[in-house]
Amino acid sequence: MLFRHPMDSCTTATAISRDVSNFFQENQLSWDSLVGMCTDRAPAMLGLQSGFITRVKEKNPSIVGAHCILDHEASRTLPTEMRNILNVATKVVNFVKGGALNSHLFKLLCKDMESEHDAMLFHTNIQWLSKGNMLGWLYELQEEIAIFLDFQQKTDLHDKFQSEGFQLSLAYLVDIFKVLNALNLKLQGKHQHFHTP
C-alpha cells in the first residue's frame, strides 16, 4: 500500500487523483516508479474517460491496473444458494434504509429496544467486502429487523428473514465475510503480501 488518506468530502476520480498527486509531490516520488495498482470496481476508479486509473495511466502508461483479488474470488466462488441468501439480506437492508421514514422508524425502534446499533449499514454493490460489515449488523439486529418487517407488513421479507434456513445461512455468511475482511485488512500496510505471516 502506497499510503492511506481519508477523503473528507467526495470520492470522485478528480479528488482521488488530486490527493495521490499531492502525496507524490510532497514525497518527491516519480510516477515512473509506480508499476501497478489494485482498486475496487467503483466508477471513480474505473471510468474509461475520467476514472482514476485512466488519470494515472496518463502519467505512466505502463502501469498495470487490477481489481482486488479478494473481491474477485469472493464474488466468483460464492455458491448460488449463498448468493440468494445475500440477495434477501440486501433486500431487507434496502427496505430498512430505502427511505427516510423507514430509517427514522427503525432508529426509534432500536432506541426503544436499547439495541447496540440504532441504524443499518447501507449495502453497496461496488465494495463487495463492505458487505461483511453490513451482514454483521444485520445479524446483530435480527430481532429488531423481524419486528420492524412485521410492523411494516412486509410479510414476504419477514417470512424469508425469520426462516431457520435463512438465519443459519446468514450466520455462515457473516463468518465468511469476517474472515475475508480480516484478510483484507492484513494485506494493507507497508511490505504486506499474501505470504506475510
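Residues numbered from 1 in each chain as written. Predicted model: local features only at pLDDT ≥ 70, side-chain atom pairs only at ≥ 80, totals over all residues. Heavy atoms only, no water.

(A) Representation of the overall build of the protein chain. The helix and strand inventory of the protein chain stands at ten helices and two strands. Along the chain direction, N to C, the helices and strands of the protein chain fall in the order α-β-α-α-β-α-α-α-α-α-α-α. Split into buried and exposed, the 197 residues of the protein chain put 36% on the buried side. For the protein chain, the share of sequence-separated contacts (at least 6 apart) that also reach a separation of at least 24 residues comes to 63%. Carbon and sulfur atoms form 55% of the exposed surface of the protein chain, whose accessible area is close to 12,300 Å². (Helix = DSSP H or I, 4+ residues; strand = E, 2+ residues; numbered from the N terminus. Buried < 20%, exposed > 50% of the residue type's maximum accessible area, 1.4 Å probe, protein only. Contact = heavy atoms within 4.5 Å. Areas by Shrake-Rupley, 256 points an atom, 1.4 Å probe, with all protein chains shown as cover.)

(B) How the structure looks around the nonpolar core. One finds Val92, Phe106, Leu135, Leu138, Ile145, Phe161 and Leu173 to be the most contacted residues of the largest nonpolar core, which totals 29 residues. Elements with a contribution of two residues or more to this core: α5 (80–97), α6 (100–112), α7 (131–140), α8 (142–151), α9 (155–162) and α10 (164–186). Residue contributions to this core peak at nine residues, all from α5. The next biggest cluster of nonpolar side chains, apart from the first, holds eleven residues, and it includes Val20, Phe23, Phe24 and Leu34. (Core = buried A, V, L, I, M, F, W, Y, C linked by side-chain atoms within 4.5 Å.)

(C) Inspection of the pattern of salt bridges at higher detail. Tallied over the full model, the rule gives one salt bridge. Between aspartate 19 and arginine 18 there is a salt bridge, and its shortest N-O distance comes to 3.4 Å. By relative accessible area, which is 45% here, arginine 18 ends up partly exposed. (Salt bridge = Lys/Arg side-chain N within 4 Å of Asp/Glu carboxyl O.)

(D) Expanded view of α9. If you check which residues of α9 are buried, you get Leu157, His158 and Phe161. Taken end-on, α9 shows its buried residues confined to a sector of 100°, consistent with a single buried face. (Arc of directions from axis to C-beta.)

(E) Region of interest: the packing of α5 against α8. As a packed pair, α5 and α8 sit with axes 11 Å apart at the nearest point and diverge in direction by 65°. Overall, the two elements α5 and α8 adopt an arrangement that is roughly perpendicular. Crossing angle aside, the handedness with which α5 passes α8 is left-handed. Listed contacts from α8 to Val92, Phe95 and Val96 of α5 are Ile145, Phe148 and Leu149. (Axes fitted to C-alpha atoms, helices over the stretch in contact; angles between N-to-C directions. Parallel < 35°, antiparallel > 145°, perpendicular 65-115°, else oblique. Left-handed = near helix turned anticlockwise from the far one by under 90°.)

(F) View of the packing of aromatic side chains. Scanning all chains against the criterion turns up four aromatic pairs. Their ring planes at 50° and their centres at 6.1 Å tell us that phenylalanine 95 and phenylalanine 148 sit as a pair that is tilted. In this pair, phenylalanine 95 is assigned in helix α5 and phenylalanine 148 in helix α8, connecting sequence segments 53 residues apart. Each member of the pair, phenylalanine 95 as well as phenylalanine 148, carries the same accessibility label: buried. Judged by centre distance (5.4 Å) and plane angle (80°), the rings of phenylalanine 106 and phenylalanine 148 are edge-to-face. With phenylalanine 106 in helix α6 and phenylalanine 148 in helix α8, this pair connects stretches of sequence that are 42 residues apart. Owing to a relative accessible area of 1%, phenylalanine 106 belongs among the buried residues under this scheme. Here a set of aromatic residues connected by ring pairs shows up, and it is made of Phe95, Phe106 and Phe148. (Phe/Tyr/Trp six-rings, centres within 6.5 Å; stacked < 30°, edge-to-face > 60°.)

(G) How the structure looks around unusual backbone geometry. Not every positive phi belongs to a glycine, and glutamine 28 is a case in point at roughly 50°. Of note in the backbone geometry, glutamine 153 takes a positive phi value of approximately 55° without being a glycine. Tracing the chain through its elements places glutamine 153 in the loop between α8 and α9. The class for glutamine 153 is exposed, based on a relative accessible area of 67%.

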